[in-house]
Amino acid sequence: MYKDFQAHLKSEIKSIKDAGLYKDERIITSPQRADITVKGGKKVLNFCANNYLGLSDNPRLIKAAKAAMDKRGYGMSSVRFICGTGDLQKELEKKIAEFFGTEDAILYTSCFDANGGVFEPLFTEEDAIISDSLNHASIIDGVRLCKAVRYRYANADMNELENCLKQAQKQRYRIIVSDGVFSMDGNVTPLDQMYKLAQKYNAMIMVDESHSAGVVGKTGRGTTELHHLRGKVEILTGTLGKSFGGAVGGFVTGKKEIVEILRQRSRPYLFSNSIPPMVAAAGIEMFNMMSRTNKLQDKLHANTKYFVEKMKKAGFDIKPTQSAICAIMLYDAKLSQQMAAKLLDEGIYVVGFYYPVVPKDLARIRVQVSAGHSKAQLDRAITAFTKIGKELGILKK
Ligand SMILES: *Cc1c(COP(=O)(O)O)cnc(C)c1O
């Protein structure tokens, strides 16, 4: 059998390559941080990690992780409800709920799992899930695993959402589901308007704070902080794999009965291993740091503002952003790839995105700013962008 199947796979791989969509991995041989070394020894400035607070190589988190390994060992070797729950995992859940101002939290090994496991235990074919068209793949998959009736509205389009809510009055329970920050444009979901609609049409809300936690809001508490709705949203999901140190782990936080049911019925929680003690301990240390100071958030906000203003001044077309994601619009797929390659030669690591990742003719370079970037590093990036922008005729000479 495999011979035929192999030929089939090979032809699939070829068609991916022919379409120019084959993904190569760039190998990093240093810790993840602002200045990284890639295989071959080249040193580059990293502007494409989700390391928004620069915590991926933070000494305090590393120390906390090492100490936990000495005290609690390496792994848990169990799902949570059999014997995979340690004091550290419980403490981390408490910290997550405190951070977001919610009632309780439940950990998963990733946010992909959290989103995969959150819908099916809560909603049935009698209910409605109303989802933003640009929601993350894990939300889409999670919704697929659930029998609820699905509605979809165009990205952040509150008129379409209202129409969906009207139609969904037929169902028993309704929940609006959205990413907090959309990763290609950097826009924040209009949670204030969503909340008003939810009140008007008797619906609940779930926000995935993966790209917004640690970033959005004055103290980085996410979209509910930005829109003054702390504690008002029924479900938040998020990851420990981006702002929060960048290791692994995901969570659902929100109303306590929701979390309680998930502990009973959520399949990725019931049938997959617990996060290791070192990750829990580093997470606790990270939330302790956040509760003491907003220094990193302040730095991130200042860095983002600085970068966007300078780039605009240089003449680049940048999408309005409310996060640390800056989309530098080029509107041409080939140009986006050329530009990313030339920037890499200049020691600036960014990624160009084009169809089908973003709509046709909306090709761009995405820059992710971090609190871990120094002003000098931001200046180096801006200088390189300007130089290559002129070379490629994007900017006037
Ligand atoms: C990154 C991301 C995830 C996945 O998080 P992991 O913890 O890496 O699985 C889920 N949702 C959104 C919106 C994300 O950006």
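Relevant structure appears above.
Residues numbered from 1 in each chain as written. Predicted model: local features only at pLDDT ≥ 70, side-chain atom pairs only at ≥ 80, totals over all residues. Heavy atoms only, no water.

K.L.:
Can you tell me about the pairing of strand E3 (residues 104-108), naming the residues and giving the values?
P.N.:
When you tally the buried positions in E3, you get four out of five residues, the bulk of the element. As defined by bridge partners, E3 adjoins strand E9 (residues 250-254) across five bridges and the pair is classed as antiparallel. When the sheet's bridge partners are listed, Leu-107 is paired in E9 with Phe-251. (Buried < 20%, exposed > 50% of the residue type's maximum accessible area, 1.4 Å probe, protein only. Helix = DSSP H or I, 4+ residues; strand = E, 2+ residues; numbered from the N terminus. Pairing = 2+ DSSP bridges.)

K.L.:
Account for the sheet that holds strand E1 (residues 35-37), naming residues and giving values.
P.N.:
An order of E1-E2-E11 is seen for the three strands of this open sheet, with the pairing classed as mixed. For this open sheet the edge positions go to E1 and strand E11 (348-349), each flanked by a neighbour on one side alone. Bridging between E1 and strand E2 (residues 43-46) involves three bridges; their strand directions are antiparallel. Directly across from Thr-37, in E2, lies its bridge partner Lys-43.

K.L.:
Explain the packing of aromatic side chains to me, and be specific about the residues and the numbers.
P.N.:
Scanning all chains against the criterion turns up 10 aromatic pairs. Between the aromatic rings of Phe-99 and Phe-244, the centroid separation amounts to 5.4 Å while the plane-to-plane angle is 85 degrees, which identifies the pairing as edge-to-face. Of this pair, Phe-99 sits in helix H4 (residues 87-100) while Phe-244 sits in the loop between strand E8 (235-239) and E9; the two residues are 145 residues apart in sequence, bridging distant segments of the chain. Take Phe-99: its relative accessible area is 3%, and that puts it in the buried class. On the basis of relative accessible area, Phe-244 is assigned to the buried category, the value being 4%. Taken together through their ring pairs, the aromatic side chains of Phe-99, Phe-100, Phe-244, Phe-251 and Phe-287 make up a single cluster. Positioned over the ring face of Tyr-22 is Lys-17, at 4.6 Å from the centre of the ring. Against the face of Tyr-355 rests Lys-360, its NZ or CZ located 4.0 Å from the ring centre. (Phe/Tyr/Trp six-rings, centres within 6.5 Å; stacked < 30°, edge-to-face > 60°. Lys NZ or Arg CZ within 6 Å of the ring centre and 35° of its normal.)

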